[in-house]
Amino acid sequence: MKIGDWDVQHVDAGFFKLDGGAMFGTVPKVIWAKLMAADALNRIRFASNSLLLRGNVEGRSRVVVVETGNGDKEDALFRERFALEGHNILLESLAARGVRPEDVTDVILTHLHFDHAGGATRREGDRIVPTFPKARHIVQRQELLDARNPPLRSRASYLPYNWEPLLEAGLLETVDGEGDVLPGVSVRPMPGHNRGNQGVRVLGEDRKLVYCGDLIPTRHHLQPTWVMGYDLDVNTCVDNRIRLLNEICDTADILAFDHDPEVPAGTVRKDAKGRYLLEPVEL
Ligand SMILES: [Zn+2]
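All of the points below concern the structure found in this document. Keep in mind it's a predicted model, so treat the numbers as computed, not measured.

Reading across the sheet, the seven strands line up as E1-E2-E3-E4-E5-E8-E9 and stay open at both edges, with mixed pairing between neighbours. Every interior strand has two partners, whereas the edge strands, strand E1 (2-3) and strand E9 (172-175), have only one. Sheet topology note: the strand E3 (residues 43-57)/strand E4 (residues 60-66) ladder contains seven bridges and is antiparallel. When the sheet's bridge partners are listed, Asn 56 is paired in E4 with Ser 61. The sheet contacts of helix H4 (residues 89-96) involve strand E2 (6-19) and E3, and relative to E2 the element is tilted by about 155°. Along the sheet face, helix H6 (residues 141-148) touches strand E8 (136-140) and E9 and points at about 85° away from the line of E8.

With that settled, the discussion passes to the nonpolar core. Where a protein is soluble and globular, its nonpolar side chains tend to be buried together. Counting residues in hydrophobic clusters, the biggest one holds 69 residues, and the most contacted among them are Leu 53 and Ala 256. Once residues within four sequence positions are removed from consideration, Leu 53 is found in contact with Trp 6, Val 8, Val 64, Val 66, Val 185 and Val 202.

Turning our eyes to something else, we now look at the pairing of strand E10 (residues 179-182). Of the pairings in the sheet, the one linking E10 to strand E11 (residues 185-189) comprises three bridges and is antiparallel in character. By the bridge assignment for E11, Leu 182 is matched with Val 185. Hairpin connection between E10 and E11: a loop of two residues separates the two successive antiparallel strands, and Gly 184 in this loop has a positive phi of roughly 80°.

Okay, the pairing of E2 next. With two bridges connecting them, E1 and E2 associate as antiparallel partners. Considered in E2, the bridge of Lys 2 is made with Asp 7. If you look at the hairpin formed by E1 and E2, you'll find two residues sitting between the two strands, and Gly 4 has a positive phi there, around 60°. By the bridge criterion, 11 bridges tie E2 to E3 in an arrangement that is antiparallel. Along E3, the bridge assignment pairs Val 11 with Ser 50.

With that settled, the discussion passes to H6. Gln 142, Glu 143, Leu 144 and Ala 147 are the residues of H6 that are buried. Buried residues along H6 sit against E8 and E9.

A separate point is the sheet that holds strand E12 (residues 198-203). Sheet strands pair via backbone hydrogen bonds, and the direction of the pair is either parallel or antiparallel. In spatial order, the strands read E10-E11-E12-E13-E14-E15-E16; together these seven strands make up an open sheet with mixed pairing. Of all the strands in the sheet, the pair left with one neighbour each is E10 and strand E16 (276-280). On average, each strand axis in the sheet is tilted by 35° relative to the strand beside it, whichever way the strands run.

So, how was this worked out
- Residues numbered from 1 in each chain as written.
- Predicted model: local features only at pLDDT ≥ 70, side-chain atom pairs only at ≥ 80, totals over all residues.
- Pairing = 2+ DSSP bridges.
- Helix = DSSP H or I, 4+ residues; strand = E, 2+ residues; numbered from the N terminus.
- Contact = placed C-beta atoms within 7 Å.
- Axes fitted to C-alpha atoms, helices over the stretch in contact; angles between N-to-C directions.
- Core = buried A, V, L, I, M, F, W, Y, C linked by C-beta atoms within 7 Å.
- Buried ≥ 20, exposed ≤ 12 C-beta atoms within 10 Å, placed from the backbone.

Okay, here's the thing in structure tokens:
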């Protein structure tokens, strides 16, 4: 899909599973299980949805990857725990679109949890190296601070080998708050899930796309109060969801989900009862 100067595509970065209870917080299983099926271990299958943005801006061709999924560095125990499917799925998906790792000019990470930043580095022999060796990688300054000194409750989500090799290679750039990172591409803090989560916005003249990271991970989290057990600041999360959803309701603006296994993107409207409803859009 064309948005402004950018050609925007959904890219499959692999599937994995997370505990259903953790993903739906206080929502009873009898309710969420009607929407998303759980396996024998109570896990739900989620996607890692990345975006590929291609455009010619300021005389230079840019290839932007938003989010990198779990990557392929983890051991058998980790892979089994999270039911990671396949290997190097993001790289395969990019290759299928004619994109090699060295072609990527920019990587935007909503935050540094392993299911978002894991694919930003890879194993090469006994070393861990940047997956996209020529790309600048963009994350909020707050997120890098928290990743390096994480709150106890989210420590397991931060694995330093997902970003430290980027820092060593001089490929990690932090931004502070809202701002343009490229012409027609901006980031905006969307805290709640954690402090440093940022949304990515692609801006065209008649529509925009908002990729909101883990603020709203799937279309089943469009109910503002259906927060995740993982969310660190629940009230901030609910407030920011409502603010974002009201902002994009009844426009042609597209909301893209990082973890929805079936519908990576859609437009949103509010019905008479105040519920947010999604109309799927093909990217
Ligand atoms: Zn996530």
